[in-house]
Amino acid sequence: MKDVFKKIWKAIDRFFSKKKNRRLVYIIIIFFLALGNFLYSGLARRTFVFYSHIGDNIVVEDRMLHWSSDREANVRRYVEEALLGPKSPGAILLFHREASLITLMLREGVVYVNLSETAVLPFQGSRDLFRSVLTLNEGIKRNFSYVNDVRIFIGGNEAFYEDFRRIF
């Protein structure tokens, strides 16, 4: 029995004595670690399109966010990322940096978004509030096919309701 272990150990030692074999084992270990991480963390991701402004031009960014079976959670992640702002250098935030998402609900194809009052505060390089709300509205509609309408509230008051109804 002792001889069997010695033979196995010598075979392993011979295998790892070659640099090519060691590298192959490292690659296999890294592959299985990455696969395990992928399966464990549930990295079912989806690419979302984010809109922001540079001057008068609309800038489009692609970002990958975690995808879940809960539609409301997916829209919430999108809005929170949109509030964080663009990653493109020189692009302008949609809303003031202090703005946050208070509530979000998805009911029968209508998304109700309630942003904090700080969303209306002006900031350096800011666009007018109407264009920012319109950009967020269109971004939600374009990224989520199951959304029929978006109602955006700021501090509990619906923003530009009549203007949006005339546009759409």
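Quick caveat, the model's predicted, so the values are computed rather than measured. (Residues numbered from 1 in each chain as written. Predicted model: local features only at pLDDT ≥ 70, side-chain atom pairs only at ≥ 80, totals over all residues. Heavy atoms only, no water.)

A. Highlighting a nonpolar patch on the surface. Taken together, the side chains of Val4, Phe5, Ile8, Trp9, Ile12, Phe15 and Phe16 make up a nonpolar region of the molecular surface, amounting to roughly 710 Å² of accessible area. On the secondary structure map, Phe15 appears in helix α1 (residues 2–17). (Patch = residues over 30% accessible without salt bridge, like charges linked within 9 Å, V, L, I, M, F, W, Y side chains within 5 Å. Areas by Shrake-Rupley, 256 points an atom, 1.4 Å probe, with all protein chains shown as cover. Salt bridge = Lys/Arg side-chain N within 4 Å of Asp/Glu carboxyl O. Helix = DSSP H or I, 4+ residues; strand = E, 2+ residues; numbered from the N terminus.)

B. Structural detail: the packing of aromatic side chains. Counted according to the given criterion, the structure contains four aromatic pairs. Judged by centre distance (5.4 Å) and plane angle (85°), the ring pair of Phe15 and Phe16 falls under edge-to-face. A relative accessible area of 35% places Phe15 in the partly exposed class. Judged by centre distance (5.3 Å) and plane angle (75°), the rings of Phe31 and Phe32 are edge-to-face. For Phe32, a relative accessible area of 52% corresponds to the exposed category. Grouping aromatic residues by their ring pairs yields a cluster made of Tyr78, Phe144 and Tyr146. When the ring centre of Tyr146 is taken as reference, the NZ or CZ atom of Arg71 above it lies at 4.2 Å. (Phe/Tyr/Trp six-rings, centres within 6.5 Å; stacked < 30°, edge-to-face > 60°. Buried < 20%, exposed > 50% of the residue type's maximum accessible area, 1.4 Å probe, protein only. Lys NZ or Arg CZ within 6 Å of the ring centre and 35° of its normal.)

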